[in-house]
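# Report on the structure
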Protein chains: 2
Amino acid sequence: MIEKKDYRDAVSRISAAICVVTTNGIGGLAGFTASAVCSLTDSPGMLLVCLQIKSSAYQAVKTNQVVCINTLGADSAQLVKRFSEKGSMVERFKEVVWFESSTGSPVLANAMVSFDCDVIETKCVETHEILLCRVRNIIYGNTDQHALVYYNRQVHRLS
Amino acid sequence: MIEKKDYRDAVSRISAAICVVTTNGIGGLAGFTASAVCSLTDSPGMLLVCLQIKSSAYQAVKTNQVVCINTLGADSAQLVKRFSEKGSMVERFKEVVWFESSTGSPVLANAMVSFDCDVIETKCVETHEILLCRVRNIIYGNTDQHALVYYNRQVHRLS
């Protein structure tokens, strides 16, 4: 079996977009930084997100069954850390402009692009759950900024 | 419902690593370019790959139940197109050095890093199948090269 450290070192070489995934509803407001997001099908438009079951956002996502996947650009670099630390959910959303999507999930005004989704199914795999997210609306923020990419344990900017 | 074109335009803003996923065994030799690859769990080490059911590599992957996920660097830029076009599987593997992994899948000698995996489960979602891949071995190629990232319908290099 591969050691956890060896696995983590190796996957750090798979670059990934950085997203802040948000939710709101009867399960409460929550959001988390995600780099395990990818496109699944284009008809219908579906994305998947991997979420740790121990994540502080897990219960809210499971209850609300809606998420907004906000793709970050350089304008929002400060959110990467804020949404992956232990701060309260209310703290995470402060000082930045958000608006409410049709699902109720917060849309980051300055995102590159945001995907407002219904979580139509989940699949549990060991410590994580795969969220199968069907896109209800696409909202563009600012596509002129640099994209943020996580690679080799650092945040890079891509033009 | 979101139009296919609108969805594709929007997801082009989610950057992704470029991998060539290979397989070999009684189902035959096959390989395809994949940008929908992400880390799932670190204990055990697992990655997921989204594969179109219509893909010419689909039957081989399903039969062999093993894949090698080769993360591409700039040394292998010519493979991105070759493994996503209609050429025969034998043609795709020509002129580049590969060696056989413990699962039998081809390992790209010049990859950034390769993950030799057993496909332990699959989940069908509309036009695609999610391959749940448990890592059996990690093989480093050349980590000094620039990483290849797909973003806004172009291949970028990241140092």
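Structure: above.
My aim in this report is to walk through the structure given alongside it, one point at a time. The structure displayed is predicted, hence computed values, not measured ones.

Conventions and cut-offs
- Residues numbered from 1 in each chain as written.
- Chains lettered and ligands numbered in written order.
- Predicted model: local features only at pLDDT ≥ 70, side-chain atom pairs only at ≥ 80, totals over all residues.
- Heavy atoms only, no water.
- Least-squares fit on C-alpha atoms with pLDDT ≥ 70 in both.
- Contact = heavy atoms within 4.5 Å.
- Helix = DSSP H or I, 4+ residues; strand = E, 2+ residues; numbered from the N terminus.
- Buried < 20%, exposed > 50% of the residue type's maximum accessible area, 1.4 Å probe, protein only.
- Arc of directions from axis to C-beta.
- Lys, Arg positive; Asp, Glu negative; His and termini not counted.
- Salt bridge = Lys/Arg side-chain N within 4 Å of Asp/Glu carboxyl O.
- Buried area = accessible area lost by both parts, 1.4 Å probe.
- Pairing = 2+ DSSP bridges.
- Axes fitted to C-alpha atoms, helices over the stretch in contact; angles between N-to-C directions.
- Polar contact = N/O pair within 3.5 Å; in protein donor to acceptor, adjacent residues only side chain to side chain.

Right, let's talk about the relation of the copies chain B and chain A for a bit. Expressed as a screw operation, the relation of chain B to chain A combines 0.0 Å of axial shift with a rotation of 180°, fitting to an RMSD of 0.0 Å. Within this description, the copies of the chain are treated as partners about a two-fold rotation axis. Closest approach to the rotation axis among the C-alpha atoms of chain B is made by A16(B), whose C-alpha sits 2.5 Å away. When the interface residues of chain B are mapped onto chain A, 100% of them again lie at the interface, so the same face is used by both copies.

Next up on the list: the environment of M46(B). Residue and element names in this part refer to chain B. Within the secondary structure, M46 is located in strand β5 (residues 45-52). We classify M46 as buried; its relative accessible area is 0%. Counting along the chain gives 89 residues from M46 to V135, while the straight-line C-alpha distance between them is 5.8 Å.

Of all the residues in helix α1 (residues 4-11) of chain B, the buried ones are Y7(B), A10(B) and V11(B). For α1(B), the angular spread of the buried residues around the axis is 90°, confining them to a single face. In the core, the buried residues of α1(B) are packed alongside β4 (37-42), β5 (45-52), β9 (113-125) and β10 (128-140) of chain A.

What follows covers the side chain of R13(B). Summarising the element assignment, R13(B) is placed in the loop between α1 and β1 (16-17). No salt bridge is formed by the buried R13(B), whose closest oppositely charged neighbour, D144(A), lies at an N-O distance of 6.3 Å. In this structure, R13(B) is in contact with T71(A), M112(A), V113(A), T143(A), Y151(B) and N152(B), ignoring residues within four places of it in sequence.

Below, the discussion takes up the interface of chain B and chain A. Contacts between chain B and chain A engage 54 residues on the former and 54 residues on the latter. For the pairing of chain B and chain A, the buried interface totals around 4,800 Å² over both sides, and the portion due to carbon and sulfur atoms is 70%. Its largest share of buried area at the contact with chain A, chain B owes to Y7(B), I14(B) and D42(B), together 14% of the area lost on that side. Taken together, the connections running from chain B to chain A amount to four salt bridges.

All names here are of chain B. In spatial order, the strands read β3-β2-β6-β9-β10-β5-β4; together these seven strands make up an open sheet with antiparallel pairing. On the outer flanks of this sheet lie β3 (30-34) and β4 (37-42), each paired with one strand and no other. Going from strand to strand, the sheet's axes swing by 30° on average, the running direction of each strand aside. Note that β5 and strand β10 (residues 128-140) share seven bridges and pair antiparallel. Note on β10: the bridge partner recorded for V49 is L131.

Residues and elements named next belong to chain A. Note on placement: T103 falls in the loop between β7 (98-100) and β8 (106-108). T103 sits in the buried class, given a relative accessible area of 12%. A polar contact is formed between the side chain of T103 and the side chain of S101, at a distance of 3.0 Å. In this structure the side chain of T103 is engaged in a polar contact, spanning 3.1 Å, whose partner is the side chain of S105. Excluding its chain neighbours within four sequence positions, the residues that come into contact with T103 are N24, V66, D116, C117, D118 and R136.

Evaluation of the coordinates by the stated rule reveals 18 salt bridges over all chains. In this structure, K81(B) and E85(B) form a salt bridge, with 3.9 Å as the shortest nitrogen-oxygen distance. Each of the salt bridges in this network shares a partner with another, and the network as a whole consists of K5(A), D9(A) and R153(A).

All names here are of chain A. The strand order across the open sheet formed by seven strands is β3-β2-β6-β9-β10-β5-β4, and the pairing between neighbours is antiparallel. One side of each edge strand has no neighbouring strand; the edge strands of this open sheet are β3 (30-34) and β4. Taking the axes of each pair of neighbouring strands and ignoring which way they run, one obtains an average angle of 30° across the sheet. Across 12 bridges, β9 lies against β10 in antiparallel orientation. Paired with K123 across the strands is I130, a residue of β10.

Time to look at the pairing of strand β2 (residues 19-23) of chain B. All names here are of chain B. Summarising burial for β2: five of the five residues are buried, a large majority. Of the two faces of β2, the one lined by C19, V21 and T23 and the one lined by V20 and T22 are each fully buried. Here five bridges tie β2 to β3, and the two strands are oriented antiparallel to one another. By the bridge assignment, V21 is partnered in β3 with F32. Connecting β2 to the antiparallel partner β3 that follows it, the hairpin turn spans six residues, and G25 within it adopts a positive phi of roughly 155°.

Residue and element names in this part refer to chain A. In this structure, the amide linkage connecting S43 to the following residue, P44, adopts the cis form with an omega of 0°. Mapped onto the elements of the fold, P44 is located in the loop between β4 and β5. A positive phi angle, near 65°, is found at R153, a position not held by glycine. On the secondary structure map, R153 appears in the loop between β11 (147-151) and β12 (154-158). Residue class for R153 comes out partly exposed when judged on its relative accessible area of 48%.

Remember, this is a structural readout, not a statement about activity or role.
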